[in-house]
Amino acid sequence: MKQAWGIIGLGWLGQKLSEHLSQKGIENWGTRSRDFDWGCDDFPTKPCDVLFLNTPPLVRINPEDFIAKIPTGGYRRIIFISSISVYGNQGGSITEQTAAMPTTDSARWLVAVEKLLMEKFTGSLTVIRPGGLVGGDRHPAKSLSHSQRPCAGNSAVNLIHRDDLVQIIWAAAQTESALPVINAVTPFHPAKKEYYGEWTAARGLAPILFTDVQESSKIISSDVLPKIYSSWLRPRLD
């Protein structure tokens, strides 16, 4: 299947996706924040049949204005990167069937954008909700070690490595029909105290300040992902 991808957001994730596509011989183009501003620049007019939207929550931009900027024509698939933060503080087992209950401005913005995208691009949109992102120099344990912010040690991790997320994005684009929502979280959920503690100790970083305060611990899983992606590259987030 001949493809051309447009990547809106050639950052930490988008650049890796671009490299993956190039290795497969897939034509792709992309934008960076320095050359495309959602608030004031026109949307790129370069053609593509797969449009990848990867931007942090732009709470300064009304969701309706954000959606209105995206042209309607010609896409076989649109993939929007959201976040598991849309599930809010719910505990227990969370799947794609679980209702979104956002509790922050950024999560509420994501939920509004998801809904508007679904309405505008019915049948061609896939929303991917990744867990916490790791890879390269990026890891929540590293940030917690440096900042010494307290962390609920008994709650479970819900993370995904960038290498796996890139593969999932690719797999989602190859499906015959769009999968509306995919929770992208590695099926590895040790307690933060265990996993983060081992991760920082192995790298000689300052211990994280763990608390024993009980919070609503949740496990993010997917009813959809096993159908398109089962061979994890980083099953233990190493």
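Residues numbered from 1 in each chain as written. Predicted model: local features only at pLDDT ≥ 70, side-chain atom pairs only at ≥ 80, totals over all residues. Heavy atoms only, no water.

A. Summary view of helix 1 (residues 14–23). Here helix 1 has its buried residues at Gly 14, Leu 17, Ser 18, His 20 and Leu 21. The buried side chains of helix 1 occupy one side of the element, clustering within an arc of 160° when seen end-on. Where helix 1 is buried, its residues touch strand 1 (4–8), strand 2 (27–31), strand 3 (50–53) and helix 5 (162–174). Gly 25, located one to two residues past helix 1, shows a positive phi value of around 80°. (Buried < 20%, exposed > 50% of the residue type's maximum accessible area, 1.4 Å probe, protein only. Helix = DSSP H or I, 4+ residues; strand = E, 2+ residues; numbered from the N terminus. Arc of directions from axis to C-beta. Contact = heavy atoms within 4.5 Å.)

B. Structural context of helix 6 (residues 192–202). Inspection of helix 6 places Lys 192, Tyr 195, Tyr 196, Trp 199 and Thr 200 among the buried residues, and these make up the whole buried set. Each buried residue of helix 6 lies within a common arc of 120° when the element is viewed along its axis, so the set occupies one face. Turned more than 90 degrees away from the buried face of helix 6 sit Glu 198, Ala 201 and Ala 202, all of them exposed. Residues of helix 6 that are buried sit in contact with helix 4 (140–147), strand 8 (151–152), strand 9 (159–161) and strand 11 (210–211).

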